[in-house]
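Single-letter residue listing:
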Amino acid sequence: MNAAPNSPETLGPALLDRLPSAVQTPSYDRAALTPGIAHLGVGAFHRCHQAEYTDDLLSLQFDRWGIVGINIRPPRLADTLGRQGGLYTRLIRENSHVEARVIGSIVEVVDSQDSAAPALDVLASPDIELVTMTVTEKGYCHIPSSGALDLGHPDIVHDLANPQAPRSVPGILTRALELRRATHGRKLTLLSCDNIPTNGVILENVVRTFAERRGNGLADWIAANAAFPSAMVDRIAPAVTQDDLDSVEQWFGYRDAAVAVGEPFRQWVIEKKFAGRMPRWDLAGATFVEDVTPFEHLKMRVLNGAQTTLATLGVLAGLEHTFDAVADPLLSVFVHRMLVEETLPTLMPVPGMEPLAYVEQSLGRLRNTAIRHRNHQIATDGSQKIVQRLLNPIRDRLRQGQGIDLLSVPVAGWMAYLVQASARFGKRWPVSDPYAGKVAEIADMTGRDAPALACAILAIDTIFDPGLAANATFREAVTSALGALLSDDPMAGVRHSLEQ
Ligand code: CS2
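How each quantity is defined
Residues numbered from 1 in each chain as written. Predicted model: local features only at pLDDT ≥ 70, side-chain atom pairs only at ≥ 80, totals over all residues. Pairing = 2+ DSSP bridges. Helix = DSSP H or I, 4+ residues; strand = E, 2+ residues; numbered from the N terminus. UniProt positions renumbered as here; feature names shortened; annotations may be inferred. Axes fitted to C-alpha atoms, helices over the stretch in contact; angles between N-to-C directions. Parallel < 35°, antiparallel > 145°, perpendicular 65-115°, else oblique. Left-handed = near helix turned anticlockwise from the far one by under 90°. Contact = placed C-beta atoms within 7 Å. Nonpolar A, V, L, I, M, F, W, Y, C, P; charged D, E, K, R; others polar. Buried ≥ 20, exposed ≤ 12 C-beta atoms within 10 Å, placed from the backbone. Arc of directions from axis to C-beta.

Under an unreviewed UniProt entry, the name given to the protein is D-mannonate oxidoreductase, and the source organism is Rhizobium loti.

Below you can see the structure in the form of structure tokens.
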């Protein structure tokens, strides 16, 4: 199809030399770049984080670390990144400031939504030394409260019956490792970049459990030939909108269907546990450490805890984005007090970081009005997020005999969000959470009766471990907050919690 006269060109290798000077371009010889990394789940976060770190590294120390981007779920990549030769514009935005750069580290994209075969070809290739992934919390098919592989998950049931044609992440990775063992036997590092605590341990668990069921010594081979480091990843990079694509066209005069938008801040802390060579991402600002746990707790409990709190309470207060919620006088006081009074005392010392300064910095990041992160987007899959963001600090405090009145409010916020989901938001925003159906069923039975609702939701033991669910202080705090959040004045409960 011919482009209409004067219609802007689409980004691609042929356009690189003719981009406006305001757009930075790769400084290394991209044509010489060959793949060494496979990444599963090429979304906005990957494009703003691991792919950017890799691009930085390639310009500092060129090596064979090109990325093959694979999607096993929608969206398809062929029509966006694929058409652009893997190139895309990464915008860093902070209020009125914009910085644009074309990232060149993705050398190839593979769509594997209809069958695992294309993904397996890449993952089993001897050229691939490292697999990174951002497949969302639920992609691991684990039970959030225990971390174990969910053997009742429909995709896991399917994959155990059809191990050669898997559709889950654990099934695909196990099959890839099996193929590597049967062909060249090369070692592999599998690096989770998802926002779940001890993500390497979870990944190793689900793959090992799957491999043990395959038998034939596969689990032992994997233990000896694969490594699963944990990592803490951070950069706020909301879902990209048509507005973002239009802005690139308006500002820089070319079309790009794979734009990614992020905030200036970024961090990556990676456990030093590799099966073989690793990209020197430390040269690009990442940190390799013996133990990521303190970093992970700090980030998930403070930054992510604040995001989830502002998202669920923000939606209930009728606010659209994180920056709207954090500008709300009541919610901003609430989230600050919750973090300082209840969350901070649960943190371990973090090398080189000062927790109180981190709280202020995190809230500052959330005030960035150019990052249009919708509260509904953050509230998505809340059941997979509240354990690490809210329930773990609550459990730590209860163990020390400390109060949890503030942290219990966003837990009730998640419940109220799902209870009201289909009735209040369903038309404008399809509410998405693996437990949305279960909570809706409970609400059908109990109606709006907060004690009955809280009791039935707390009994979901794959989210709330039974010890925590049985704790009377926790039950009372959640029940009372839920009652208020479901009332005609949902913010009265938030106000009330601050008066105690
Ligand atoms: C957000 C995260 O949607 C969400 O759950 O809380 O994606 C968050 O923006 C990132 O973890 C920031 O690093």
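**Q** When you look at the sheet that holds strand β4 (residues 88–94) in this model, what are you seeing that I'm missing?
**A** As a general point, the strands of a sheet are linked pairwise by backbone hydrogen bonds and lie either parallel or antiparallel. The four strands lie next to each other as β1-β5-β4-β11, forming an open sheet whose pairing is mixed. The open sheet has two free edges, formed respectively by β1 (23–24) and β11 (260–262), since each of these has just one partner strand. Sheet topology places β4 next to β11; three bridges connect them, and they run parallel. The residue bridging L91 from the neighbouring strand is V261, located in β11.

**Q** When you look at the UniProt feature "domain: Mannitol dehydrogenase N-terminal" (unreviewed entry) in the protein in this model, what are you seeing that I'm missing?
**A** Here the UniProt feature "domain: Mannitol dehydrogenase N-terminal" (unreviewed entry) sits at residues 36–282. Split by type, residues 36–282 is 34% helix and 22% strand. Its first and last C-alpha atoms lie 17 Å apart.

**Q** Where do I start with the packing of helix α12 (residues 329–343) against helix α21 (residues 491–499) in this structure?
**A** A pair of packed helices is captured by two measures, namely the crossing angle of their axes and the spacing between those axes. At a closest axis distance of 10 Å, the pairing of α12 and α21 adopts a crossing angle of 45 degrees. With respect to α21, the axis of α12 lies oblique. The interaxial crossing formed by α12 with α21 has left-handed handedness. From α12, L330, V333, F334 and R337 reach across to α21, where they touch M491, V494, R495 and L498. In the contact of α12 with α21, the residues fall into six nonpolar, no polar and two charged.

**Q** Just checking my understanding: could you explain helix α18 (residues 450–458) for this structure?
**A** Within an α-helix, residues lying three or four positions from one another point in the same direction, as the helix has 3.6 residues per turn. Turning to α18, its buried residues number three or more, namely A450, L453, A454, I457 and L458. Projected onto a plane normal to the axis of α18, the buried residues spread over an arc of 120 degrees and lie on a single side.

**Q** Sorry, what's going on with unusual backbone geometry here?
**A** Glycine aside, a negative phi is what most residues show, and trans is what most peptide bonds show. Cis geometry marks the peptide bond from P74 to P75, where omega comes out at 0 degrees. Residue position: P75 is located in the loop between β3 (66–71) and α3 (78–82). Of note, the phi angle at N95 is positive, near 50 degrees, even though the residue is not glycine. You can see N95 is positioned in the loop between β4 and β5 (97–103).

**Q** Just to check I follow, could you spell out the sheet that holds strand β6 (residues 106–111) for this structure?
**A** Judged by pairing direction, the sheet is parallel, and its six strands sit side by side in the order β6-β3-β2-β7-β8-β9 without closing on themselves. In the strand order of this sheet, the two ends are held by β6 and β9 (226–227), each with one partner.

**Q** What should I look at first to understand the environment of R180 in this one?
**A** Among the secondary structure elements, R180 is positioned in helix α6 (residues 169–182). Taking the C-alpha atoms as reference points, R180 and A443, separated by 263 residues in sequence, lie 48 Å from one another. Sequence-distant contacts of R180, defined by excluding residues within four places in its chain, comprise A124, G185, R186 and L188.

**Q** I keep staring at the environment of G82 and nothing clicks. Help me out?
**A** With respect to the helices and strands, G82 occurs in helix α3. Classification of G82 by C-beta neighbours within 10 Å gives partly exposed; the count is 18. Considering only alpha carbons, one finds G82 and V110, 28 residues apart in sequence, at a separation of 8.2 Å. Residue contacts for G82: discarding those within four places in its chain leaves L77 and V109.

**Q** Quick question: what am I supposed to make of the pairing of strand β2 (residues 35–40) here?
**A** Remember that side chains alternate between the two faces of the sheet whenever the strand is regular. Inspection of the sheet shows β2 paired to β3 by five bridges, in the parallel sense. Looking at the pairing, H39 lines up with G69 of β3. As paired elements, β2 and strand β7 (residues 130–133) share four bridges and run parallel to each other. Bridge pairing in β7 places A38 opposite V131.

**Q** How should the environment of E52 be read in this particular structure?
**A** Structurally, E52 can be placed in helix α2 (residues 50–60). In sequence terms E52 and I371 are 319 residues apart; their C-alpha atoms lie 18 Å from each other. The residues contacting E52, other than those within four sequence positions of it, are R90 and I103.

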